[in-house]
Amino acid sequence: MVSIQQTIRFILNDAEVTANVPAGMLALDFLRKEKRLTGTKEGCKEGDCGACTVIVGEPDTSGGITYLPETSCLLPMGELNGKHLVTVEGLAVKGALSPVQAAMVDAGGTQCGYCTPGFVVAMTAGIMEPKLPLDREGLLYAISGNLCRCTGYRSIKQAGLKVMDQLAAKVVDQDRIKALCEASALPEYFLTISERLAQIVPARDTQPEVDPRGLFIAGGTDLYVQRGEEIPDQPVQLLNTQSGVSPAKLVEEMIVVDARMTFEDFADDPLIRAQIEAIYDYNLLIASWPVRTRSTLGGNIFNASPIADMTCLLLALETELVLSKDGTERTLPLKDFYLGYKQLSKEPDEVVATLRFPALAESSFTNWEKVSKRAWLDIATVNSAIKLRMDGAIVSEAHLALGGVAATPLYLEKASAFLSGKSITAKVVAEMLQIALTEFEPISDVRGSARYKKLLARQLILAHFEKFSAGVMDLEEVYAAL
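Now for a look at the structure at hand. (Residues numbered from 1 in each chain as written. Predicted model: local features only at pLDDT ≥ 70, side-chain atom pairs only at ≥ 80, totals over all residues. Heavy atoms only, no water.)

The next subject is the overall build of the protein. Counting its regular elements, the protein contains 18 helices and 18 strands. Here the C-alpha radius of gyration of the protein, 24 Å, is about what a compact globule of 482 residues would show, namely 23 Å. Each principal axis of the C-alpha distribution contributes one length, and for the protein these read about 70 × 55 × 40 Å. In the protein, buried positions account for 55% of the 482 residues. Counted over contacts in the protein with a minimum sequence separation of 6, partners at least 24 positions apart contribute 63%. Here the protein has roughly 21000 Å² of accessible surface; of this, 50% comes from carbon and sulfur atoms. Computing the positive centroid from 47 side-chain charges and the negative centroid from 61, the protein places the two 5 Å apart. (Helix = DSSP H or I, 4+ residues; strand = E, 2+ residues; numbered from the N terminus. Rg over C-alpha atoms; globule rule 2.2 N^0.38 Å. Buried < 20%, exposed > 50% of the residue type's maximum accessible area, 1.4 Å probe, protein only. Contact = heavy atoms within 4.5 Å. Areas by Shrake-Rupley, 256 points an atom, 1.4 Å probe, with all protein chains shown as cover. Lys, Arg positive; Asp, Glu negative; His and termini not counted. Charge placed at Lys NZ, Arg CZ, Asp CG, Glu CD.)

What follows is the structure, given as structure tokens:
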């Protein structure tokens, strides 16, 4: 029998660690209970509050280390083999406060203090991330996953802006980690991490023995919320330890994506950004930065939530799933994957290996809309996506999707078919809306009544055409026809 225990070697702050723990054990529990590093706080234990934020560094293909913030309450220990785990205790510089920590003190950015370590770690991850500007935009991106019940955020933002203003000129056109160490914004041990990781895991390809009984986990952002107390005592198969995740590829006019690709990587991928120009803006509405670094496309699909944001977009893109089991693969349209609430057209041991959807033609239009109780970082009440392919003024094909109105993510077959071969006019859109609203019986839940959701569905679909027509179509004509 395969043991659920796994020997994991990694660097924790500046110390090399060998741990023999269950692969599915949460990093949060290991830090607090095994290492007594209690600066990493247990708050919601669902990835929402950011009190347990850590920074994880992983060797990249360039020979350096890529550092990303993650919520340790969703991070399995088995993924840390050969990586660098940084907590708030590892950020002091030469025995003194780091600039981020000092700025929080100077700005009075703390009251009860429970959220403070998470903010400090998140801000530090922000100044370490090369893609983020050291300004207000970069600050808000960095702390998007952190909640505070005391300060009203003003003093926290002041602290972040102060440190970013101090460091901005010192990192221009330079390696971020090296520049921050030279500016005494990071401890100098960061400069040796790459070489040290190569020594403690010299082969870089050593993998734990796969337990055939194991629960499949990729990002775990849904599984650990739903079953977090039981997973550490179970055998697991950590999909992210099996091989690297490749960038999206164009293969015979199809965009092919590894199902383990995270939301953050999907939105950053050059091929995806060329295909879906607004994907960066969509991503900001879906989750926080630390959660997006773990949430995977395959996990979003397999969780089968009726309001899954990425699933809604992928439905409209005509996505196909390549399902794998014991080396055998089969292909299934995503729109045929959902049989009922949390019921999937799959065998028990099948996993989704890759996703693929047709490359978008220059004449294509895509859009994604969402309504939630909070404007940002909240689960959807209703979401919707569309893809139109135009032949001049005529729709050659249309694909509409809705979420939050039925027991499953919904592809609107009839409304999509109706639009094919037609010009987009107020009359056509009004008729299409009437058809779309017959394709589902709206559900009531804690986020809204059936009547409210039906109204939202209508308005979100209409929003697609408002953007598509860019003010040419008279919306009053549409409303008059409804």
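So, on to helix H11 (residues 279–286). A turn of α-helix holds 3.6 residues, and therefore any two residues three or four places apart point the same way. Within the span of H11, buried status applies to Ile-279, Tyr-282, Asn-283 and Ile-286. Within H11, the buried residues cover an arc of 100° as seen down the axis, which keeps them to one side. Packed against the buried residues of H11 are helix H9 (263–268), helix H10 (270–275), helix H12 (289–292), helix H14 (309–316) and strand E15 (364–372). (Arc of directions from axis to C-beta.)

Another aspect to go through is the pattern of salt bridges. Throughout the structure, instances matching the rule amount to 23 salt bridges. Of the charged contacts, one joins Glu-58 and Lys-83 as a salt bridge, the two residues approaching to 3.7 Å between their closest N and O atoms. In this pair, Glu-58 sits in strand E3 (residues 53–59) while Lys-83 sits in the loop between strand E4 (65–71) and strand E5 (84–86), placing the two residues 25 residues apart along the sequence. By relative accessible area, Glu-58 is classed as partly exposed at 39%. Exposure remark for Lys-83: the relative accessible area of 12% places this residue in the buried category. Between Arg-260 and Asp-258 there is a salt bridge, with its nearest N and O atoms 2.9 Å apart. Residue Asp-258 is classed as buried on the basis of its relative accessible area of 15%. (Salt bridge = Lys/Arg side-chain N within 4 Å of Asp/Glu carboxyl O.)

Our next topic: helix H5 (residues 154–167). For H5, which comprises 14 residues, the first-to-last C-alpha distance of 20 Å matches the rise-based estimate of 20 Å (1.5 Å per residue) to within 8%. Within the sequence span of H5, burial applies to Ser-155, Ile-156, Ala-159, Gly-160, Val-163, Met-164 and Leu-167. Where H5 is buried, its residues meet helix H2 (99–106), helix H3 (116–128), helix H4 (136–142) and helix H6 (176–182). (Expected span 1.5 Å × (residues − 1).)

Attention shifts here to the sheet that holds E3. Hydrogen bonds between backbone atoms are what pair the strands of a sheet, whose relative direction is either parallel or antiparallel. Here 5 strands make up an open sheet; going across it, the order is E2-E1-E5-E3-E4 and the pairing mixed. Since the sheet does not close on itself, it has two edges, and those belong to strand E2 (15–22) and E4, each with one partner. Across the sheet, the mean angle separating the axes of adjacent strands is 35° when strand polarity is ignored. Packed on one face of the sheet, H3 meets E3 and E4 and runs near 35° to E3. (Pairing = 2+ DSSP bridges. Axes fitted to C-alpha atoms, helices over the stretch in contact; angles between N-to-C directions.)

Below, the discussion takes up unusual backbone geometry. Despite not being glycine, Arg-36 has its phi angle at roughly 55°, a positive value. For Arg-36, the position within the fold is in the loop between helix H1 (27–34) and E3. Residue Tyr-153 is not a glycine yet carries a positive backbone phi of 75°. Owing to a relative accessible area of 26%, Tyr-153 belongs among the partly exposed residues under this scheme.

Once that is clear, we can look at the packing of helix H16 (residues 426–436) against helix H17 (residues 450–469). Two elements in contact, H16 and H17, have axes separated by 11 Å at closest approach and are oriented at 145°. Seen from above, H16 lies across H17 with right-handed handedness. The residues of H17 that touch H16, namely those facing Val-429, Met-432, Leu-433 and Ala-436, are Arg-458, Ile-461, Leu-462 and Phe-465. Within the contact of H16 with H17, the residues separate by chemical class into 7 nonpolar, no polar and 1 charged. (Left-handed = near helix turned anticlockwise from the far one by under 90°. Nonpolar A, V, L, I, M, F, W, Y, C, P; charged D, E, K, R; others polar.)

This part is about the nonpolar core. Across soluble globular proteins, nonpolar side chains show a tendency to be buried alongside one another. The biggest cluster of nonpolar side chains holds 44 residues, and the ones touching the most others in it are Tyr-67, Phe-119, Met-123, Ile-127, Met-128, Leu-180 and Phe-190. At the level of elements, E4, H2, H3, H4, H5, H6 and helix H7 (193–200) are the ones that each hand at least two residues to this core. When residues in this core are grouped by element, the largest group, 8 residues, is from H3. Here Phe-119 is in contact with Met-104, Ile-143, Asn-146, Leu-147, Cys-148, Tyr-153 and Ile-156, once residues within four sequence places are set aside. Counting 40 residues, the second largest nonpolar core, distinct from the first, contains Val-257, Tyr-282, Ile-286 and Leu-313. (Core = buried A, V, L, I, M, F, W, Y, C linked by side-chain atoms within 4.5 Å.)

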